[in-house]
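Listed below, chain by chain, are the residues.
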Amino acid sequence: MCGIVGIVGKSPVNQSLFDALTVLQHRGQDAAGIVTSDQGKLYLRKDNGLVRDVFHTRHMRRLTGNSGIGHVRYPTAGSSTSAEAQPLYVNSPYGITLAHNGNLTNSDNLKRDLYSTDRRHLNTNSDSEVLLNVLAHELQILEKNQLSPQDIFKAVREVFKRCKGAYAAVALISGHGLLCFRDPYGIRPAVYGKRETENGTEFMVASESVALDALGYELIDDIGPGHAVFISEDGQLHTEKCIEEDTFAPCIFEHVYLARPDSLIDNVSVYKARLRMGEKLAEKILREWPDHDIDVVIPIPDTSTTSAMQLANELNLKMRHGFIKNRYIGRTFIMPGQQMRKKSVRQKLNAIDLEFGGKNVLLVDDSIVRGTTSGQIIEMAREAGANKVYFASAAPPVRYPNVYGIDMPAADELIAHNRTEEEIGEIIGADKIIYQDVDAMVEAVQEGNPKIKTFDLSVFTGEYVTGDIDMNYLQELEQRRNDMAKSSQETSEIENSAMVMDLHNQ
Ligand SMILES: O=P(O)(O)OC[C@H]1O[C@H](OP(=O)(O)OP(=O)(O)O)[C@H](O)[C@@H]1O
Ligand SMILES: NC(=O)CC[C@H](N)C(=O)O
Ligand SMILES: [Mg+2]
């Protein structure tokens, strides 16, 4: 769940892209990058690190031009070296750079075709480089010096036919303009908007509407599943549906955890969806445990706070901020290794003893994935003097790997895999555990936009909407990307990264 952004403006866009990436930082903390286009030249700066650390004044100065794209990365394929930071670049045809949120599920097959049939070279293990080269090939075979928007949409149709999995992508095609497209299932989000200036209309695309808000852009719409938006260099907007059948199934985990609450995704307010999740969880508690003895509701900051607030309201209990978050520590779930994630929980959260002493507390989190947070938080609640520690999750048990752009590749690393709720409660050390039901979570989101009939629920149900995922795929993914495999691969990739070819980095 990386963050993507693109702007076609009427004045330099470097600062706006930087600001937008800062707003999207919660979608990826490993690397950041910006490419701008100025009079036929592309200027790139990307590296590992947070947005504020990657771009210094000297880099910003060199990112000239009135259009550009940006990316914040949370790796789900390849490695986390700076060579695989995005945007990625190919020089032919035209000069194209691309930034991608999601994960291709057929990148091995595509890689083979790109080498043997399309005669294209890939220099990294990134699936996003595969996506970029498929797009480049489909544009190349049109054999045109100047592409019309319809030519570009024709190439996108072919990309949709070839690329399986999840992708919301933004690409800058030198001498042409900015292209943004969302896979046929619309698994990962993307929106576009505009801003009027005295020099004319400026357009922006982004993973989440909150980036448009922060920059004073007005939301026009979500990019629909299998749709593409092209904004020419001179600022003309074109949109097109590039698939025949609509198979919309957006990722529900965006509403559970990934997105910011102040975003609107597919016309659903993430904030309201989380409030409804809290409401429904409270209904379940009242239904199944009417004589509960909870004294106080305590959220685990940040993401669960919205649901916890509504849950407490419905239970007619007080919600207290028993855990204080260190504002300088990022999200722990999207950190690269389990060791770092584990260590960060205690650095990030600290308990206020007086909210726990002698009380029966209900701790609320948005989700329990590896159990890293919940296990340690329960220990902290006990150390702070809690009498009973109950734990509620606003999402159902996360039991299956994700293959669509969230780095949960190994079933065995998920605490709920092959375990009952009681067993999970025991492992994390809770006196009782309460999970949301899948239907209730779906309703909580769907009530915001009843037109969405299906969601990607794969991490909860094991059903993969793209229909191309089998046991073999999941086993290979697990072997390639479990925590152990990643850490040994990282060491060798980092040693080699100095040798990786790249577009000149500003
Ligand atoms: O079971 P786990 O593997 O620990 O994963 C789940 C936890 O990770 C996330 O928090 P995170 O710290 O990433 O971000 P937040 O501050 O937005 O809640 C999520 O909100 C849960 O608290
Ligand atoms: N989280 C994402 O969207 C990752 C994008 C891409 N698969 C990468 O690893 O860079
Ligand atoms: Mg959290």
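None of these values were measured; they are calculated from a predicted model.

Engineer: Pulling in residues and values, what's your account of the sheet that holds strand 16 (residues 296-299)?
Structural biologist: Spatial ordering of the open sheet is given by 17-16-20-21-22, a layout of five strands whose pairing is parallel. Pairing within the sheet leaves two strands with one partner each, and these edge strands are strand 17 (318-319) and strand 22 (432-435). By the bridge criterion, two bridges tie strand 16 to strand 17 in an arrangement that is parallel. When the sheet's bridge partners are listed, Val297 is paired in strand 17 with Met319. The strands touched by helix 13 (residues 421-428) are strand 21 (388-393) and strand 22; relative to strand 22, the strand with the most contacts, the crossing angle is about 125 degrees.

Engineer: Describe the pairing of strand 22, and please don't skip the residues or the numbers.
Structural biologist: In this structure, strand 21 lies alongside strand 22, joined through four bridges in parallel fashion. For Ala392, the partnering residue across the bridge sits in strand 22 and is Ile434. Read as a crossover between parallel neighbours, the route from strand 21 over helix 13 to strand 22 is right-handed.

Engineer: Give a detailed account of the UniProt feature "domain: Glutamine amidotransferase type-2" (unreviewed entry) in the protein chain, specifying residues and quantitative values.
Structural biologist: Sequence positions flagged by UniProt for "domain: Glutamine amidotransferase type-2" (unreviewed entry) are, in local numbering, residues 2-234. The span residues 2-234 is 27% helical and 35% strand by assignment, and the distance between its end C-alpha atoms comes to 28 Å.

Engineer: Tell me about the pattern of salt bridges, and please be specific about residues and values.
Structural biologist: Pairing is possible between side chains that carry opposite charge, provided their charged atoms lie close to one another. Tallied over the entire structure, the rule returns 30 salt bridges. A salt bridge links Glu447 to Lys280, with the nearest nitrogen and oxygen atoms 3.0 Å apart. Of this pair, Glu447 sits in the loop between helix 14 (438-446) and helix 15 (458-461) while Lys280 sits in helix 9 (residues 270-288), placing them 167 residues apart in sequence. For Lys280, a relative accessible area of 12% puts it in the buried group. Among the salt bridges present, the one from Arg480 reaches Glu476, with a minimum N-O distance of 3.9 Å. With Arg480 and Glu476 both in helix 16 (residues 471-481), this residue pair falls four residues apart, about one helical turn. Accessibility expressed as a relative area gives 46% for Arg480, which makes it partly exposed. Beyond isolated ion pairs, a larger network of salt bridges with shared partners links Arg27, Arg188, Glu208 and Glu254.

Engineer: Before we move on, can you summarise the site of ligand 2 with the specific residues and values?
Structural biologist: What surrounds ligand 2 is a group of 15 residues, the closest being Met1, Cys2, Arg73, Gly102 and Asp127. Measuring from an oxygen atom of ligand 2, one finds a backbone N or O atom of Ala77 at 3.3 Å. Backbone polar atom of Gly405 to a nitrogen atom of ligand 2: 3.3 Å apart, as the coordinates give it. Isolated, ligand 2 exposes 300 Å² of accessible area, and the fraction of that covered by the protein chains is 100%. Elements with a contribution of two residues or more to the shell around ligand 2: strand 6 (96-104) and helix 5 (127-140). The leading source of residues in the shell around ligand 2 is strand 6, at four residues. Along the lines of polarity and charge, the residues of the shell around ligand 2 split into five nonpolar, eight polar and two charged.

Engineer: Got a sec to walk through the packing of aromatic side chains? Specific residues and values, please.
Structural biologist: As enumerated under the stated definition, the model contains ten aromatic pairs in all. An angle of 35 degrees between the planes, with centres 6.1 Å apart, marks the rings of Phe160 and Tyr167 as tilted. Look at Tyr167 and you get buried, because its relative accessible area is 0%. Joined through ring pairs, the aromatic side chains of Phe253, Tyr257, Phe333 and Phe460 make up one cluster. Of note, Arg331 hangs over the ring of Tyr257, and the distance from its end group to the ring centre comes to 3.9 Å. The ring of Trp289 has Lys432 sitting right over it, with the charged end atom 4.9 Å from the ring centre.

Engineer: Describe unusual backbone geometry, listing the residues and the values that go with them.
Structural biologist: The step from Gln86 to Pro87 runs through a cis peptide bond, and the omega angle for that step is 5 degrees. Within the secondary structure, Pro87 is located in the loop between strand 4 (67-73) and strand 5 (88-90). The step from Ser92 to Pro93 runs through a cis peptide bond, and the omega angle for that step is -5 degrees. Looking at where Pro93 falls in the secondary structure, it is placed in the loop between strand 5 and strand 6. Even without glycine at this site, Tyr94 takes up a positive phi of about 70 degrees. Within the secondary structure, Tyr94 sits in the loop between strand 5 and strand 6. Look at Tyr94 and you get partly exposed, because its relative accessible area is 24%. With phi around 50 degrees, Glu143 is a residue other than glycine that occupies positive phi space.

Cut-offs used in this document
- Residues numbered from 1 in each chain as written.
- Chains lettered and ligands numbered in written order.
- Predicted model: local features only at pLDDT ≥ 70, side-chain atom pairs only at ≥ 80, totals over all residues.
- Heavy atoms only, no water.
- Pairing = 2+ DSSP bridges.
- Helix = DSSP H or I, 4+ residues; strand = E, 2+ residues; numbered from the N terminus.
- Contact = heavy atoms within 4.5 Å.
- Axes fitted to C-alpha atoms, helices over the stretch in contact; angles between N-to-C directions.
- Right-handed = clockwise from strand over helix to strand, strands pointing away.
- UniProt positions renumbered as here; feature names shortened; annotations may be inferred.
- Salt bridge = Lys/Arg side-chain N within 4 Å of Asp/Glu carboxyl O.
- Buried < 20%, exposed > 50% of the residue type's maximum accessible area, 1.4 Å probe, protein only.
- Near = heavy atom within 4 Å.
- Polar contact = N/O pair within 3.5 Å; in protein donor to acceptor, adjacent residues only side chain to side chain.
- Areas by Shrake-Rupley, 256 points an atom, 1.4 Å probe, with all protein chains shown as cover.
- Nonpolar A, V, L, I, M, F, W, Y, C, P; charged D, E, K, R; others polar.
- Phe/Tyr/Trp six-rings, centres within 6.5 Å; stacked < 30°, edge-to-face > 60°.
- Lys NZ or Arg CZ within 6 Å of the ring centre and 35° of its normal.

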